[in-house]
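Breakdown of the fold
Given next are the chains, with one letter for each unit.
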Amino acid sequence: MSQCRGCGREIVWLRMKSGKNMPVDPEPVFVAEGGKDAFITDEGERITGTASETDTGTVGFVPHWATCPAAGQFRKRG
């Protein structure tokens, strides 16, 4: 684990299928179909859905930029 340079929270880096590393929050969540939120699987795939309290059979990690209060300082301007 490492720490976010913006907010100081712990993050985990997952390797995406593209080969890039994605910072995610360390706690996995259950993902239900039907939402538009982004999640990353252990295999590095991006899926969409909504976080669920009940076991949906699908587990994902929340990209840290979705929960980081300092995410704006890391966005590339182009």
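Further remarks concern the overall build of the chain. When you go through the chain residue by residue, the secondary structure sums to zero helices and six strands. Mapped in sequence order, the helices and strands of the chain form the string β-β-β-β-β-β. Against the globule reference of 12 Å for 78 residues, the chain gives a C-alpha radius of gyration of 13 Å, in line with a compact fold. Each of the three principal axes of the chain carries a C-alpha extent, and together these read 35 × 25 × 25 Å. Across the chain, every contact between residues at least 6 apart in sequence was considered, and the portion connecting residues at least 24 apart equals 45%. Carbon and sulfur atoms provide 48% of the accessible area of the chain, an area that totals close to 5600 Å². Treating the 10 positive side-chain charges of the chain as one cloud and the 10 negative ones as another, the clouds have centres 16 Å apart.

To continue, consider the nonpolar core. By size, the foremost hydrophobic cluster in this structure holds six residues: Leu14, Met16, Met22, Val24, Ile40 and Phe61. Not counting residues up to four positions away in its chain, the partners in contact with valine 24 are Ile11, Val12, Leu14, Ile40, Phe61, Val62, Pro63 and His64. With five residues, the next largest nonpolar core counts Cys4, Ile11, Cys68 and Ala70 among its residues.

On to the environment of threonine 48. Topologically, threonine 48 is positioned in strand E5 (residues 46-52). As a C-alpha pair, threonine 48 and tryptophan 13 span 35 residues in sequence and 19 Å in three-dimensional space. In contact with threonine 48, not counting residues within four places along its chain, are Val31, Gly35, Lys36 and Asp37.

So, about the pairing of E5. Sheet topology places strand E4 (residues 29-40) next to E5; seven bridges connect them, and they run antiparallel. Of the residues in E5, the one forming a bridge with alanine 32 is threonine 50. Between the end of E4 and the start of E5, which pair antiparallel, lie five residues, with glycine 44 showing a positive phi angle near 85°.

What the three strands build is an open sheet, ordered E1-E2-E3; its pairing is antiparallel. Here the strands that pair on one side only, and so sit at the sheet edges, are strand E1 (2-3) and strand E3 (21-24). Of the pairings in the sheet, the one linking strand E2 (residues 10-15) to E3 comprises four bridges and is antiparallel in character. Residue pairing across strands places leucine 14 opposite methionine 22, the latter belonging to E3.

Criteria and cut-off values
Residues numbered from 1 in each chain as written. Predicted model: local features only at pLDDT ≥ 70, side-chain atom pairs only at ≥ 80, totals over all residues. Heavy atoms only, no water. Helix = DSSP H or I, 4+ residues; strand = E, 2+ residues; numbered from the N terminus. Rg over C-alpha atoms; globule rule 2.2 N^0.38 Å. Contact = heavy atoms within 4.5 Å. Areas by Shrake-Rupley, 256 points an atom, 1.4 Å probe, with all protein chains shown as cover. Lys, Arg positive; Asp, Glu negative; His and termini not counted. Charge placed at Lys NZ, Arg CZ, Asp CG, Glu CD. Core = buried A, V, L, I, M, F, W, Y, C linked by side-chain atoms within 4.5 Å. Buried < 20%, exposed > 50% of the residue type's maximum accessible area, 1.4 Å probe, protein only. Pairing = 2+ DSSP bridges.

Without other data, these values stay purely geometric and don't point to any function.
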